[in-house]
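Overview (structure and organization)
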Amino acid sequence: MDSVTTAAELRTRIAAWRRDGARIGFVPTMGNLHQGHFSLIELCRRQADRVVASVFVNPTQFGPNEDFARYPRTLAQDQAGLAAHGCDLLFAPAVEEMYPFGIGQTVRVEVPVVSAPLEGERRPGHFAGVATVVTKLLNLVRPDVAVFGRKDYQQLLVIERLARDLRLPVEIVGAPIVREANGLAMSSRNQYLSAEERERAGLIHSVLLGMQDEANAGAAVAEIERLAYNALEAAGFVVDYAVVRSAQTLLEPAAGQRDALVALVAARLGKTRLIDNIEIDPDAPVQSLFERDHASATNSRTDL
Ligand code: PAF
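Turning our attention to the nonpolar core. Counting residues in hydrophobic clusters, the biggest one holds 46 residues, and the most contacted among them are Leu-10, Ile-14, Val-52, Met-98, Ile-172 and Leu-264. When residues of this core are traced back to their parent elements, those giving at least two are helix 1 (7-19), strand 2 (24-29), strand 4 (89-91), helix 6 (126-141), strand 5 (145-149), helix 7 (153-165), strand 7 (238-246) and strand 8 (261-269). Looking at this core, the element that brings in the most residues is helix 6, giving 9 residues. The residues touching Leu-10, leaving out its near neighbours within four places in the chain, are Val-4, Val-52, Leu-89, Phe-91, Leu-140 and Val-141. Listed in part, the 24 residues of the second largest apolar core include Phe-237, Val-239, Leu-261 and Ala-263.

Written as structure tokens, this is what we have:
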């Protein structure tokens, strides 16, 4: 696997593949790669002849009190991991390459509505930073297919919307969440957790499974959210949100709505902010609350 740092080198390499008729796949990342990222590379590999990855810690998506400076940067390790998982080319630009006029003068891409709730409320400007850098990267690589993780569910919706609205000729693919043995969704930020917090953080997934069960059993959304919030707070999390939303719009579902739903959680454990979600299939078999209570001893769901 080769690595390039400039837009010019990147374009030259990709142009040669295109001339050979190759289908180009792309996986953008901020580095500090783990099995979750490698699963994106492997999925991309199955959908493309050539796989390009980027490693760029994007300053414009971090708020002033967020972890941009201490975000883990592990380029040599990332290169080895990408090569081992079938990546053909790494693009690892400097900030000046991505923001040639400086961050203050960059053209910004805003995706209204879907960026507004949840993460958008708690992290002002975050999705404009993501949308801006993803648009730049897609414009540089011009991939046929680009793969993003479903753990950042709202980010995926924002990127799908920007690609459709800007008429970018790229297929956006959402890859399944990869979890640790205790259910904790893999994330570069998990390394900020102590060993005890890491174990306790598995509760988020159990709570999400419980929310899914309650939704499929027909419980009221407000009640599902209240119970999830309480379960997390009781275990020492500081909860930003624990909500059930329409899977396509992230709006609160209307009573009796049969659209697909998603349950989303953002919570702090110590100094670490974790996000996770579960997509709720409205056609999944409904397990009644009574049955679920009796089955709970044999599965890992958290009784809400
Ligand atoms: O999900 C990420 O790692 C980042 O938000 C992304 C999509 C690479 C943009 O910087």
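The next point concerns the sheet that holds strand 7. With respect to topology, 3 strands assemble into an open sheet ordered 7-8-9, the strand pairing being antiparallel. The open sheet terminates on both sides in strands that have one partner only, identified here as strand 7 and strand 9 (272-280). With direction set aside, neighbouring strand axes in the sheet form an average angle of 10°. Bridge count between strand 7 and strand 8: 8 bridges; the pairing is antiparallel. Its bridge partner lying in strand 8, Val-244 is registered against Ala-263. Sitting on the sheet, helix 9 (residues 203-216) touches strand 7, strand 8 and strand 9, and the angle it makes with strand 9 is about 30°.

Another aspect to go through is the sheet that holds strand 2. Pairing is parallel across the open sheet formed by 6 strands, whose spatial order is 1-4-3-2-5-6. At either end of the open sheet lies a strand with only one pairing partner, and these are strand 1 (2-4) and strand 6 (171-175). Averaged over neighbouring strand pairs, the angle between their axes works out to 25° when direction is ignored. Inspection of the sheet shows strand 5 paired to strand 6 by 5 bridges, in the parallel sense.

On to the site of the ligand, then. If you check the shell around the ligand, you find Pro-28, Thr-29, Met-30, Asn-58, Gln-61, Val-133, Val-134, Phe-148 and Gln-155 and nothing else. At 2.6 Å from an oxygen atom of the ligand is found a side-chain nitrogen or oxygen belonging to Gln-61. One of the side-chain nitrogen or oxygen atoms of Gln-155 is found 2.8 Å away from an oxygen atom of the ligand. Here the ligand loses 88% of its free accessible area of 290 Å² to cover by the protein chains. For the shell around the ligand, the secondary structure elements donating two or more residues are strand 2 and helix 6. Residue classes in the shell around the ligand are distributed as 5 nonpolar, 4 polar and no charged.

Conventions and cut-offs
- Residues numbered from 1 in each chain as written.
- Predicted model: local features only at pLDDT ≥ 70, side-chain atom pairs only at ≥ 80, totals over all residues.
- Heavy atoms only, no water.
- Core = buried A, V, L, I, M, F, W, Y, C linked by side-chain atoms within 4.5 Å.
- Buried < 20%, exposed > 50% of the residue type's maximum accessible area, 1.4 Å probe, protein only.
- Helix = DSSP H or I, 4+ residues; strand = E, 2+ residues; numbered from the N terminus.
- Contact = heavy atoms within 4.5 Å.
- Pairing = 2+ DSSP bridges.
- Axes fitted to C-alpha atoms, helices over the stretch in contact; angles between N-to-C directions.
- Near = heavy atom within 4 Å.
- Polar contact = N/O pair within 3.5 Å; in protein donor to acceptor, adjacent residues only side chain to side chain.
- Areas by Shrake-Rupley, 256 points an atom, 1.4 Å probe, with all protein chains shown as cover.
- Nonpolar A, V, L, I, M, F, W, Y, C, P; charged D, E, K, R; others polar.

On their own, these measurements won't tell you what the molecule is for.
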